Amino acid sequence: MSSDCSNFVSLFFYVTSQSSGGSSVGLSHPMDTIKVRLQTGTGYQGAMDCMLKTFQREGLGGFYKGMAFPLAATSVYNSLVFFVYQNFLTSLCGHKDRPDISDIALASMGAGAVSVSIGTPIDLIKIKLQVQTESYKKTVAALQKVGGTAGFLPAENLQMRSKSARNISTSSVAKLANPEVVLTGGAMPVRPNNQLYNGPIRCAFDTVKTNGLSGLYRGAGAMLMRDIPGYVFYFVPYEILMGALTPKDRKATWGETAFHSCLAGGTAGTISWAVTHPCDTIKSRLQADTAGKYRGVIDCVKKSIKHEGSGVFLRGFRVNALRGFPQSAALFFGYEMTMKLFENKKNTPTPVDICY
């Protein structure tokens, strides 16, 4: 089979198999929501407090806000990452019997750099919806009861209301989903930092309408800072652990491959997210900021330290490291099961066969 044909078949199998990445999103998204809210908000005493307040105010659905878009895009995103990684690795190791650590690290960096092209818009829309603690439907319904409209001011016109304005609207605000939503003279709800969105499509549309296509890539620089080293700490520990766990004198059974991939993948995910958490916090704060508070990465770092101290970059650290295990375990499980299926396909070489 030609190299081009092999690559096409590899990509096809990656795309179809990485739909299993949906399970990784479903497993980790509730913890991801807690992590994002801790990173970007100031009204929580810790992970447990954030969890309780989210449940009390929004119910179980609050933990799954923003999940639809990552769930729909996960197969494409994960397929891109694994496809780029595997083909980089194939090219780098050439005629070696096995790739060395430097080959794996370079391939990981390449995958991390390319992933930002798709990952940034996915994360941005996800985070905008995750930090939205108000209920869109309840807010609109409450506005209609007090004679308001369902319109929302554009993000660039959002402004803090004075204390007197808040007091005037107290009776009306009490009926709204969140007391931070106040009525202006035009009977439109205003939030200090975020506009309300009723879903990912509306969020993407409003972002492009307000800031152009570049608005979808806000935080891309911080994501590069996170993902290039992040994937090194993702794939290198994974390959080392899998090499140590895999039998040397025979092929691993399906059961062994499943267990080993979950253990190695989960451990690698925990390591990677723990190492990159400060950069992830900067990215989350930039992408959650629709009021234009931060001008960029450096400005975000300076203002965050000035107003909240350097400890702000460790908010949600334990939650992030913990969620990395089930998310990555599910992802690598799907990856390894696909590669094992490849091994059993007659005359169908895989990129990894060249090195392993």
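One structure accompanies this document, and this report is about it. (Residues numbered from 1 in each chain as written. Predicted model: local features only at pLDDT ≥ 70, side-chain atom pairs only at ≥ 80, totals over all residues. Heavy atoms only, no water.)

1. What about the overall build of the protein?
- Of the regular secondary structure elements, the protein holds 13 helices and two strands.
- Taking all 356 residues of the protein together, the buried fraction comes to 51%.
- Contacts spanning at least 24 positions in sequence make up 79% of the contacts within the protein whose residues lie at least 6 apart.
- If you sum the accessible surface of the protein, you get close to 16700 Å²; carbon and sulfur atoms cover 63% of it. (Helix = DSSP H or I, 4+ residues; strand = E, 2+ residues; numbered from the N terminus. Buried < 20%, exposed > 50% of the residue type's maximum accessible area, 1.4 Å probe, protein only. Contact = heavy atoms within 4.5 Å. Areas by Shrake-Rupley, 256 points an atom, 1.4 Å probe, with all protein chains shown as cover.)

2. Brief notes about the packing of helix α10 (residues 220–245) against helix α13 (residues 317–343)
- It is at 13 Å that the axes of α10 and α13 come closest, and there the two elements cross at 60°. Taken together, α10 and α13 sit at an angle that is classed as oblique. Crossing handedness for the pair α10 and α13: right-handed. Residues Tyr-234, Phe-235, Tyr-238 and Met-242 of α10 pack against Ser-328, Leu-331, Phe-332, Tyr-335 and Glu-336 of α13.
- A per-class count over the contact of α10 with α13 returns seven nonpolar, one polar and one charged. (Axes fitted to C-alpha atoms, helices over the stretch in contact; angles between N-to-C directions. Parallel < 35°, antiparallel > 145°, perpendicular 65-115°, else oblique. Left-handed = near helix turned anticlockwise from the far one by under 90°. Nonpolar A, V, L, I, M, F, W, Y, C, P; charged D, E, K, R; others polar.)

3. Side note on the nonpolar core
- If you look at the biggest cluster of nonpolar residues, it comprises 26 residues, and the most contacted ones within it are Tyr-85, Phe-235, Tyr-238 and Phe-332.
- Listed by contribution, the elements that provide at least two residues to this core are α4 (68–93), α5 (101–130), α10, α11 (254–288) and α13. (Core = buried A, V, L, I, M, F, W, Y, C linked by side-chain atoms within 4.5 Å.)

4. Brief notes about helix α9 (residues 200–211)
- Across its twelve residues, α9 extends 16 Å between first and last C-alpha, which sits within 8% of the 16 Å expected from 1.5 Å per residue.
- Buried within α9 are the following residues: Cys-203, Ala-204, Asp-206 and Thr-207. (Expected span 1.5 Å × (residues − 1).)

5. Some remarks on the pattern of salt bridges
- With the rule as written, the count across this model stands at 18 salt bridges.
- A salt bridge links Arg-315 to Glu-308; its shortest N-O distance comes to 2.7 Å.
- Overall, Glu-308 belongs to the partly exposed group, its relative accessible area being 24%. (Salt bridge = Lys/Arg side-chain N within 4 Å of Asp/Glu carboxyl O.)

6. Description of a nonpolar patch on the surface
- Together, Phe-88, Leu-92, Leu-106 and Met-109 make up a nonpolar patch on the protein surface, roughly 330 Å² of accessible area in all.
- Contributions of two or more residues to the nonpolar patch are made by α4 and α5.
- Its place among the elements puts Leu-106 in helix α5. (Patch = residues over 30% accessible without salt bridge, like charges linked within 9 Å, V, L, I, M, F, W, Y side chains within 5 Å.)

7. As for the packing of aromatic side chains
- Under the criterion given, the structure shown has eleven aromatic pairs.
- Centre to centre, the rings of Tyr-231 and Tyr-234 are 5.7 Å apart; their planes meet at 75°, and the pair counts as edge-to-face. With Tyr-231 and Tyr-234 both in helix α10 and three residues apart, the pair spans about one turn of that helix.
- What makes Tyr-231 buried here is its relative accessible area of 11%.
- Classification of Tyr-234 by relative accessible area gives buried; the value is 8%.
- Ring-pair connections join several aromatic residues into one group, and the members of that group are Phe-82, Tyr-85, Tyr-231, Tyr-234, Phe-235, Tyr-238, Phe-332 and Tyr-335.
- The side chain of Arg-323 reaches across the aromatic face of Trp-273, ending 4.3 Å from its centre.
- Sitting over the face of the ring of Trp-254, Lys-340 holds its NZ or CZ atom 5.8 Å from the ring centroid. (Phe/Tyr/Trp six-rings, centres within 6.5 Å; stacked < 30°, edge-to-face > 60°. Lys NZ or Arg CZ within 6 Å of the ring centre and 35° of its normal.)

8. Some thoughts on the environment of Leu-263
- Mapped onto the fold, Leu-263 is located in helix α11.
- With 67 residues separating them in the primary sequence, Leu-263 and Ala-330 have C-alpha atoms 9.9 Å apart.
- Once residues within four sequence positions are removed from consideration, Leu-263 is found in contact with Leu-245 and Phe-325.

9. Structural notes on the side chain of Gln-287
- As for its position among the elements, Gln-287 is in helix α11.
- Gln-287 gets classed as buried once you look at its relative accessible area, which sits at 0%.
- At 3.4 Å, the side chain of Gln-287 forms a polar contact with the backbone oxygen of Thr-120.
- Side-chain polar atoms of Gln-287 contact the side chain of Lys-283, separated by 2.8 Å. (Polar contact = N/O pair within 3.5 Å; in protein donor to acceptor, adjacent residues only side chain to side chain.)

10. Structural notes on the environment of Pro-229
- With respect to the helices and strands, the residue Pro-229 is situated in helix α10.
- The spatial distance from the C-alpha of Pro-229 to the C-alpha of Ala-105 is 8.8 Å, given a sequence separation of 124 residues.

11. A word on α11
- The first and last C-alpha atoms of α11 sit only 42 Å apart over 35 residues, clearly below the 51 Å expected at 1.5 Å per residue.
- If you look at α11, its biggest bend is around 65°, right at His-277, and the proline Pro-278 turns up within four residues after that. (Bend = angle between axes of the 7 residues up to and from the residue.)

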